[in-house]
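# Structural overview for review
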Amino acid sequence: MACFAKQYYAGEAHYNHLQHQILASKSQFSSFPSNLTSLKNTNKRSLLLQKPLYISSLGGLGRFDESKSSKPREPLIGCSAYEAHRSQPISVNIEFDEQAKAAAAQKLKIGVYFATWWALNVIFNIYNKKVLNAFPFPWLTSTLSLAAGSLMMLISWASRIAEAPKTDLEFWKALFPVALAHTIGHVAATVSMSKVAVSFTHIIKSGEPAFSVLVSRFLLGEMFPAPVYLSLVPIIGGCALAAVTELNFNMTGFVGAMISNLAFVFRNIFSKRGMKGKSVGGMNYYACLSMLSLLILTPFAIAVEGPQMWAIGWQNAVSQIGPNFVWWVVAQSVSYMSLNEISPLTFSIGNTMKRISVIVSSIIIFQTPVQPVNALGAAIAVLGTFLYSQVSSQ
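What this report covers is the structure whose coordinates are included nearby. No experiment lies behind these values; they were computed from the predicted model shown. (Residues numbered from 1 in each chain as written. Predicted model: local features only at pLDDT ≥ 70, side-chain atom pairs only at ≥ 80, totals over all residues. Heavy atoms only, no water.)

Within the structure shown, the criterion is met by ten aromatic pairs. Taking 4.6 Å as the distance between ring centres and 50 degrees as the angle between the ring planes, the aromatic pair formed by Phe135 and Phe137 counts as tilted. For Phe135, a relative accessible area of 2% puts it in the buried group. The class of Phe137 is buried, set by a relative accessible area of 10%. Here the aromatic rings of Phe249 and Phe254 are separated by 5.7 Å at their centres, their planes lie at 45 degrees, and the arrangement is tilted. Its relative accessible area of 36% is what places Phe249 among the partly exposed residues. Chaining the aromatic ring pairs together yields one cluster made of Phe135, Phe137, Trp314 and Phe325. Over the ring of Tyr127 we find Lys130; its NZ or CZ atom is 5.2 Å from the centre of that ring. Over the ring of Phe218 we find Arg217; its NZ or CZ atom is 5.8 Å from the centre of that ring. (Phe/Tyr/Trp six-rings, centres within 6.5 Å; stacked < 30°, edge-to-face > 60°. Buried < 20%, exposed > 50% of the residue type's maximum accessible area, 1.4 Å probe, protein only. Lys NZ or Arg CZ within 6 Å of the ring centre and 35° of its normal.)

Bringing unusual backbone geometry into the picture now. Within the chain, Arg160 stands out as a residue other than glycine whose phi angle is a positive 65 degrees. If you trace the backbone, Arg160 turns up in the loop between α5 (138-158) and α6 (169-195). The phi dihedral of Gln367 falls on the positive side, at around 55 degrees, and the residue is not glycine. (Helix = DSSP H or I, 4+ residues; strand = E, 2+ residues; numbered from the N terminus.)

Attention now goes to the packing of α5 against α6. Packing of α5 against α6 brings their axes to within 9 Å, and their N-to-C directions diverge by 130 degrees. Taken as axis vectors, α5 and α6 run oblique relative to one another. In this structure, α5 meets α6 at a crossing whose hand is right-handed. Where α5 abuts α6, its residues Pro138, Trp139, Thr141, Ser142, Ser145 and Leu146 lie against His182, His186, Val187, Thr190, Val191 and Ser194. Broken down by class, the residue content of the contact of α5 with α6 amounts to five nonpolar, seven polar and no charged. (Axes fitted to C-alpha atoms, helices over the stretch in contact; angles between N-to-C directions. Parallel < 35°, antiparallel > 145°, perpendicular 65-115°, else oblique. Left-handed = near helix turned anticlockwise from the far one by under 90°. Contact = heavy atoms within 4.5 Å. Nonpolar A, V, L, I, M, F, W, Y, C, P; charged D, E, K, R; others polar.)

This is how it looks when you write it as structure tokens:
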């Protein structure tokens, strides 16, 4: 009797365990629960008297086999609960390209510099010519331009808007020949514009690359590729054609523009050789150059023209033009301090476009008579300057 009770309870436990597993897989297999009802109605004791029921494998019916040898099926969709007490900040890996950002900022900076430089150059040439028409004193006009630029930079340094450069005596000694050439070129260009049209002065000044190549070749012994020499042909030919067909040709104006070209070539040569390795650059360098040029020019301007002539000329200009003449002087003086932080290639292209803008705008504003042949010569000269800038920058 005890043996039978033991077998009964063992069979009962085995039956309950099997029933639990079958119910667990009910949701997966709809055909299996139909056997479950008949199994419940079977006499439990008769089941125990029969041979034990062996199930070799339930792997095909679900994840019943939990043995080590079995490989449970991986779920098709994995879900995991979010635990609030283990919350962590979501890290978003967004990598910004710092070089791209820096390049974009640099392009924007160059664009602002270029637009300002272009606008100031056009304003300077237009108002400089207006002042010279009413006040024909190019030495004083050049002095006022340098003085205005120097004063602007001194105020910027004093107010900490711009950082003052650190200079020494050696710096100013190396800068002196550069400033001397800059002074000659600046005054010569102003003298030229006081005698001829602004457009004609800039047509002749577009021949500056030819002076640069010739001076470097015959005085410094530098050699250039063949395309550089070929680009000089339209420059020289265009300038010559424009000069011959100029209706208001003036020898003083023509020579002044030529001297300005030569002086600026030597300014660039002295700057490359004497100022190499100096810590001062950009706008501060141009400011120091203007200040030293002002010191060089002032005594010569007083000697050539003099305060008495300036006073008489000023009264005549104010009486003819009115108070607007004062604003013309201020505009041409302030706009002279153009910015100088542009790459060489951008500068070469921009300088060509600027010269075209100055020529066209001056012809329109001052109603300068231009013959078709003269315009053709100007176009050829400017085109040659552009070609030179492209082949020389490679």
